Amino acid sequence: MFPAETRILLVDDMTTMRKLVRRCLTDLGFTSVTEADDGETAWPMLESAASTIPFQLIISDWNMPKMQGIQLLKKVRANEALKTVPFIFLTAETEKTQVMDAIQSGATNYISKPFTPQTLKEKLALVHAQVQKK
Amino acid sequence: MTTLNVNFINPFIDGTLNTFKIQCAVEASPGKPFMKGNGPTLTAEIAATIGLASKEFCGSVSIGFSESLFLALMGNMLGEKYTEITKDLEDGASELLNIIFGQAKTVLNEKGYAIDKAIPTVIRGKGISFNHLSSQPTLVVPFETQHGPFFIEVVLEGQRN
């Protein structure tokens with residue numbers, strides 16, 4: 001599993017969903033969770049942090065006003081400093097074509113809403129194992 | 001022409017039951033669906049609505065909650081006790097509808113409906129009822145839970161405007 005101090009950026013336009021995911025992450029022991037309410041807000045945070053204390057994991061919704069999650073993912077993967085940061089979609093967009101689009105665009109993993117804290121825990125462990133293998 | 005039949009409605013009912021159970025630990029039971037105007041007028045204290053659009057039709061899906069139920073749903077989901085619907089809680093209505101819509105859209109699009117992505121809107125007030133600007137009938141599905149009732153409404157137009 002990722003260490004407790006892993007710096008996580010959580011991107012979702014819904015306050016209640018950010019609150020839920022933050023609570024799940026806190027319950028799992030994570031101590032560094034930063035929130036952004038859409039891709040447009042998240043991107044400068046990621047760029048700015050990349051040269052100082054970079055984020056080590058991104059958990060993002062897909063369907064958001066302004067910049068959508070898939071656009072954020074593509075920007076992350078196109079950026080030299082950020083391209084290897086694990087990126088997990090946590091989204092209600094669950095169609096096969098979208099999952100394929102996400103994976104082909106470089107998403108590390110994909111969690112469908114509704115989700116349980118246990119699902120989040122298992123996916124994080126899986127992503128950590130994926131990252132360790134590389 | 002796409003119509004409001006069982007094949008179209010069931011994914012929304014299934015998505016609702018699944019979302020309430022997994023995300024909020026609340027079991028819901030659907031009642032008998034009826035066409036709006038042929039049953040009781042159901043009202044809500046908080047509601048959300050989302051557009052249904054494909055190349056062949058447009059319409060909307062709406063969900064209306066009693067205050068007691070909504071507070072219970074948010075309390076269970078977020079692990080806290082709430083006594084009033086604060087501004088911070090309001091978007092929970094649209095998030096729940098978004099999750100329901102996502103599940104239904106996946107099932108329907110596998111059958112070829114090609115429904116577009118959409119973002120829901122929240123409505124607050126006392127005694128909210130939906131007044132759909134459509135010439136087509138609106139289907140109402142009432143639900144019961146241990147914390148109070150809620151309902152969904154679906155309306156479809158045969159052609160996209």
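The coordinates are above.
As the structure is a prediction and not an experimental result, all values here were calculated from the model.

Reading the values: the criteria
- Position numbers for residues count from 1 along each chain, tracking the sequence in the order it is written.
- Ligands are numbered from 1 and chains lettered from A, in the order in which they are written.
- Only residues with pLDDT of 70 or above have their local features reported here, since the model is predicted, and side-chain atom pairs are shown and tallied only from 80 upward, although totals for entire chains, interfaces and linings are computed over all residues.
- Computation of side-chain values: all heavy atoms of the structure, hydrogens and water removed.
- Helix numbers and strand numbers start at the N terminus; a helix is a DSSP run of H or I with at least 4 residues, a strand a run of E with at least 2.
- This radius of gyration counts C-alpha atoms alone. The globule rule is 2.2 Å times how many residues there are, raised to the power 0.38.
- The criterion used for residue contact is that any of the two residues' heavy atoms lie within 4.5 Å.
- Joining two parts hides part of their accessible area as seen by a 1.4 Å probe, and the buried area is that hidden amount summed over both.
- When a carboxyl oxygen of Asp or Glu is within 4 Å of a side-chain nitrogen of Lys or Arg, the pair counts as a salt bridge.
- By the convention adopted, Pro, Cys, Tyr, Trp, Phe, Met, Ile, Leu, Val and Ala count as nonpolar, Lys, Arg, Asp and Glu as charged, and the other residues, Gly among them, as polar.
- Between 30 and 60 degrees the pair is tilted, below 30 it is stacked and above 60 it is edge-to-face, where a pair is any two Phe, Tyr or Trp rings, Trp via its six-membered ring, whose centres lie within 6.5 Å.
- The classification of residues rests on relative accessible area computed with a 1.4 Å probe and restricted to protein chains. Under 20% of the type maximum is buried, over 50% is exposed, and intermediate values are partly exposed.
- Paired strands are those between which DSSP finds at least two bridges.
- Only the stretch in contact is used when fitting a helix axis, every axis being a line fitted to C-alpha atoms; angles between N-to-C directions are given from 0 to 180 degrees.
- To form a nonpolar core, buried Ala, Val, Leu, Ile, Met, Phe, Trp, Tyr and Cys residues must be joined to one another through side-chain atoms within 4.5 Å.
- Just so you know how the angles are binned, under 35 degrees is roughly parallel, over 145 roughly antiparallel, 65 to 115 roughly perpendicular, and the rest oblique.

Participant: Looking at this structure, how should I read the overall build of chain A?
Facilitator: For chain A, the count of helices and strands is five helices and five strands. Taken from N to C terminus, the helices and strands of chain A fall in the order β-α-β-α-β-α-β-α-β-α. Expected size for 134 residues packed as a compact globule is a radius of gyration near 14 Å; at 13 Å, chain A falls within 12% of this value. Considering only C-alpha atoms, chain A reaches an extent of 35 × 30 × 30 Å along its principal axes.

Participant: Is there a simple way to explain the interface of chain A and chain B in this structure?
Facilitator: One widely used convention gives an interface's size as the accessible area the parts lose upon coming together. Taken together, the contact between chain A and chain B spans 24 residues of the former and 28 residues of the latter. Between chain A and chain B the total buried area reaches about 2,100 Å² when both faces are included, carbon and sulfur atoms providing 55% of it. Our count for the contact surface shared by chain A and chain B stands at four salt bridges. Across the pair E95 of chain A and K105 of chain B runs a salt bridge, and its minimum N-O distance is 2.7 Å. Looking at the side of chain A that touches chain B, the elements that each hand over two or more residues are α1 (15-27) and α4 (96-104) of chain A. With six residues, α1 of chain A is the largest single contributor of residues to the side of chain A that touches chain B. When its residues are assigned to classes, the side of chain A that touches chain B shows nine nonpolar, seven polar and eight charged.

Participant: Quick question: what am I supposed to make of the packing of aromatic side chains here?
Facilitator: Geometry of an aromatic ring pair is reported as the spacing of the ring centres plus the angle between the planes. Residues and elements named next belong to chain B. Summed over the entire model, instances satisfying the criterion amount to 13 aromatic pairs over all chains. Measuring from centroid to centroid gives 5.3 Å for F8 and Y113, while their planes differ by 70°, and the two rings are edge-to-face. Of this pair, F8 sits in helix α1 (residues 6-24) while Y113 is found in the loop between α3 (87-110) and β5 (121-128), placing the two residues 105 residues apart along the sequence. Its relative accessible area of 0% is what places F8 among the buried residues. Between the aromatic rings of F143 and F150, the centroid separation amounts to 4.5 Å while the plane-to-plane angle is 5°, which identifies the pairing as stacked. Judged by its relative accessible area of 2%, F143 falls in the buried class.

Participant: Would you take a moment to explain the sheet that holds strand β1 (residues 7-11) of chain A for this structure?
Facilitator: Strand pairing within a sheet occurs via backbone hydrogen bonds; the two strands may be parallel or antiparallel. All names here are of chain A. Taking strand neighbours across the sheet as the criterion, the five strands line up as β2-β1-β3-β4-β5 in an open arrangement whose pairing is parallel. Edge positions in the sheet fall to β2 (32-36) and β5 (109-112), since each of these pairs with one other strand and no more. Along the sheet, successive strands turn relative to each other by an average axial angle of 20°, direction set aside. Across the face of the sheet, helix α5 (residues 117-133) comes into contact with β3 (57-60), β4 (87-91) and β5 while running at roughly 175° to β5.

Participant: Explanation requested: the nonpolar core in the structure shown.
Facilitator: Side chains that are nonpolar tend, in soluble globular proteins, to be buried together. Counting 65 residues, the largest nonpolar core has F8, F20 and F65 of chain B as the members making the most contacts within it. Sorting elements by how many residues they give to this core places α3 of chain B first, with nine residues. Setting aside anything within four residues of it in sequence, one finds F20 of chain B in contact with A25, V26, A28, I63, F65, L69, L73, I100 and F150 of chain B. Core analysis: the next-biggest nonpolar cluster, separate from the first, contains 23 residues, M64, L72, V76 and Y110 of chain A among them.

Participant: Got a minute to help me understand the pattern of salt bridges in this structure?
Facilitator: Working definition: two side chains of opposite charge can pair if their charged atoms are close together. Inspection of the entire model under this criterion finds 14 salt bridges over all chains. For the salt bridge of E95 of chain B with K113 of chain A, the shortest nitrogen-to-oxygen distance reads 3.1 Å. Highlighted residues: E95 of chain B in helix α3 and K113 of chain A in the loop between β5 and α5, drawn from two different chains. Across the pair, exposure class does not vary: E95 of chain B and K113 of chain A are buried alike. Linked through salt bridges whose partners overlap, the residues forming this network are D12, D61 and K113 of chain A together with E95 of chain B.

Participant: I keep staring at the packing of α1 of chain A against α3 of chain B and nothing clicks. Help me out?
Facilitator: Working note: a packed helix pair is described by the angle between its axes plus the distance between those axes. Where α1 of chain A meets α3 of chain B, the axes come as close as 6 Å, and the angle between the chain directions of the two elements is 90°. The orientation of α1 of chain A relative to α3 of chain B falls into the category roughly perpendicular. Note on element contacts: α3 of chain B touches α1 of chain A through D88, L89, D91, G92, E95 and I99 of chain B, opposite T15, T16 and M17 of chain A. A breakdown of the residues in the contact of α1 of chain A with α3 of chain B according to their chemical character gives three nonpolar, three polar and three charged.

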